[in-house]
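Secondary and tertiary structure notes
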Amino acid sequence: MVSAYNNFKLAIYCTASCLDSSFDKLAQELDFFAKHLYVSKVYIENHRGDVSLSKERLLELKQFLNERGIEAAGGITPTLGSSYRPGYERLFGGICYTDAASRAAFQAAVETAASVFDEIIFDDFFFTNCGCDDCLEAKGERTWEQFRLELMTEVSANLIKKPAKSVNPNVKLVIKYPNWNEAYQASGYNTETQPAIFEGVYTGTETRDPAISQQHIPRYASYSLLRWMDQLSPDGGNGGAWFDSLDCTYIDYYLEQANLSVYGKARELTLFCYSLLKDSVYVPALGFQLEKLDKAAGQLGRPLGVHVYEPHHAKGEDHLYDYLGMLGIPMELSPHFPSDGKPLLLTANAARDEGIIERMKSYLKDGGHIIMTSGFLERMHGKGAEQFTTLHPTGKKLAIQQFAIDTASCTFDTFTLSAEPLYYPIFDYSTNGTWQSIVALKGHNNIPILMYDNYGRGKIHTLIIPDDYADLWKLPSEVVTKIRSVMTGKLLPYQLEGPAHVGLFAYDNGSLVIESFASQPQKWCFRLPEGMSLQAPNGGRPLKSAGQDEDGSSRYEIKLAPSTMQLLRVTDSEQA
């Protein structure tokens, strides 16, 4: 079978118990997939928990797939059953890597896989949460984070790379990082050391339904984490995106994971897993969607977005950039501090970098634009942040509902209301030392929401974040538009106006995708400067303008139903 997708490959992951049927039965099941999808690769797992497949069975399965024109690769889920380390509970069957018997069992699984496959991917249970007596002793005075980061680096080298390469020098080892990136360091996922040990990384883009999922990860994370991983391995080491149908309340949520993975430029999509999908309504729907996505992917350039500096092992304002991304602000995450002066978002996570203040000074002196959040300011107050702004936390909070947006004068002339009260922390500042862009009103008082200061040739904005990050999506449309314009004004030649619950994915060739996260039909407006127009892709005709403003800019209205998208292109009017 040859893949019909031109811009990405499609793979299916099979757990160790997925392929225990007869080959006649497996052939029927694969025919179901082939009817709807162009599958070019299958990952065959040889170990998970108490289940391990023999080398002989793996070879039979590999030959069976190869005869059908499907590439076969290996997979391992690093978990062990309760017979290992009895008396100690471990979440999800995570392995105790201080136990000799557990280490030997895991290494044996690695060696078996390497003896059959030239590529092995390690599912996202490659962590440790064990707190047994041996782990406590080995940890010593180190924090759990330090101990587990160092331990899993050692395991990667000594229980995976060395034995696998001794069995098969040509084997490619791939670590699949899970979607819960804010918590990597707590269980030993080490993005700082492991990419140099493995030949490739893979990205979990499962967001599912955040409202009912234990992980409650914003849907935009299916895009943002993929972009961070691409920056982690800029040489093409990020192999692709992995998602599943678990906790997807609606089929739209499942398909959305595919959408955002493709927008993020995934080179391969892996579906988890075979047994969940082999007789599922998700498969026909995905097949229909992937054909559309393949056509769209061929028209997308290199992603553009507000820089988001996410150092290794960072934690603070968990997934805040994803909540902001769903305001229609394209985000480009990276573990590396940028140098090009374009808009840069610093959340509390960036405080992990002990040299962050000096980096900010250089960035601003060179004319850069920084947006720091209230969480970052709180963490760095008294540690250098006061050099950039007079804003400082008070420890007080206020429920607010009315907002005012600045003009060029000293008074406000745009006032708007949220549908319900939102709880915000209160920050004090020096009048005329720091200036306001957005404030919230309560009686005869107002509190800062978006403020700015000048530093060198640069500008630094401070965005105050509500207690509940999801309340950002409840902000009035005018407030969302103002925040969006401040963050993207020096990045994009156009502006998106309108409410939250929208994804904007921008690219350097002028193409863009707008997708609705809203639960009801919504309207947005693109505002383009004079001389530019908005058109359908593939040389399609320009969209009809909804009107022109006094400065010559044109407005284009876009209406989207829930979970729908539209691919567009911004071009010079003369080229349209």
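So, a few notes on the structure that sits alongside this text. These figures come from a predicted structure and were not determined experimentally.

With respect to the side chain of Asn 190
For Asn 190, the position within the fold is in the loop between helix H6 (184–187) and helix H7 (194–197). Polar contacts involving the side chain of Asn 190 include one to the side chain of Thr 193, which spans 3.2 Å. Excluding residues that lie within four positions of it along the chain, Asn 190 makes contacts with Leu 149, Thr 153, Tyr 177, Pro 195 and His 313.

Observations concerning the pattern of salt bridges
Counted according to the given criterion, the structure contains 31 salt bridges. Lys 278 is paired through a salt bridge with Glu 29; the nearest N and O atoms lie 3.4 Å apart. Pair noted here: Lys 278 is in the loop between helix H10 (274–277) and helix H11 (282–297) and Glu 29 is in helix H1 (residues 23–36), with a separation of 249 residues, a long-range link. Across the pair Arg 359 and Asp 353 runs a salt bridge whose closest N-O atoms are separated by 2.6 Å. Its relative accessible area of 38% is what places Arg 359 among the partly exposed residues.

Some words on the pairing of strand S27 (residues 565–572)
Where strand S22 (residues 511–516) and S27 come together, five bridges link them in antiparallel fashion. Residue Ser 511 lies in a different strand from S27, and its bridge partner there is Arg 569. Bridge analysis of strand S24 (residues 532–535) against S27 gives four bridges, and the strand direction is antiparallel. For Ser 533, the partnering residue across the bridge sits in S27 and is Thr 571.

Overview of the packing of H1 against H11
The N-to-C vectors of H1 and H11 enclose an angle of 35 degrees; their axes lie 8 Å apart at closest approach. On H11, the residues that touch Phe 32, Phe 33 and His 36 of H1 are Val 283, Pro 284 and Gly 287.

Considerations on unusual backbone geometry
The peptide bond linking Phe 272 to Cys 273 adopts the cis configuration, its omega dihedral lying at -15 degrees. Residue placement: Cys 273 occurs in the loop between strand S9 (268–272) and H10. One non-glycine residue, Arg 85, lies in the positive phi region at around 55 degrees. For Arg 85, the location among the structural elements is in the loop between strand S4 (71–77) and helix H3 (100–114). Since its relative accessible area comes to 15%, Arg 85 is described here as buried. One non-glycine residue, Lys 265, adopts positive backbone phi at about 75 degrees. Note on placement: Lys 265 falls in the loop between helix H9 (251–263) and S9.

Scoring rules and cut-offs
Residues numbered from 1 in each chain as written. Predicted model: local features only at pLDDT ≥ 70, side-chain atom pairs only at ≥ 80, totals over all residues. Heavy atoms only, no water. Helix = DSSP H or I, 4+ residues; strand = E, 2+ residues; numbered from the N terminus. Polar contact = N/O pair within 3.5 Å; in protein donor to acceptor, adjacent residues only side chain to side chain. Contact = heavy atoms within 4.5 Å. Salt bridge = Lys/Arg side-chain N within 4 Å of Asp/Glu carboxyl O. Buried < 20%, exposed > 50% of the residue type's maximum accessible area, 1.4 Å probe, protein only. Pairing = 2+ DSSP bridges. Axes fitted to C-alpha atoms, helices over the stretch in contact; angles between N-to-C directions.

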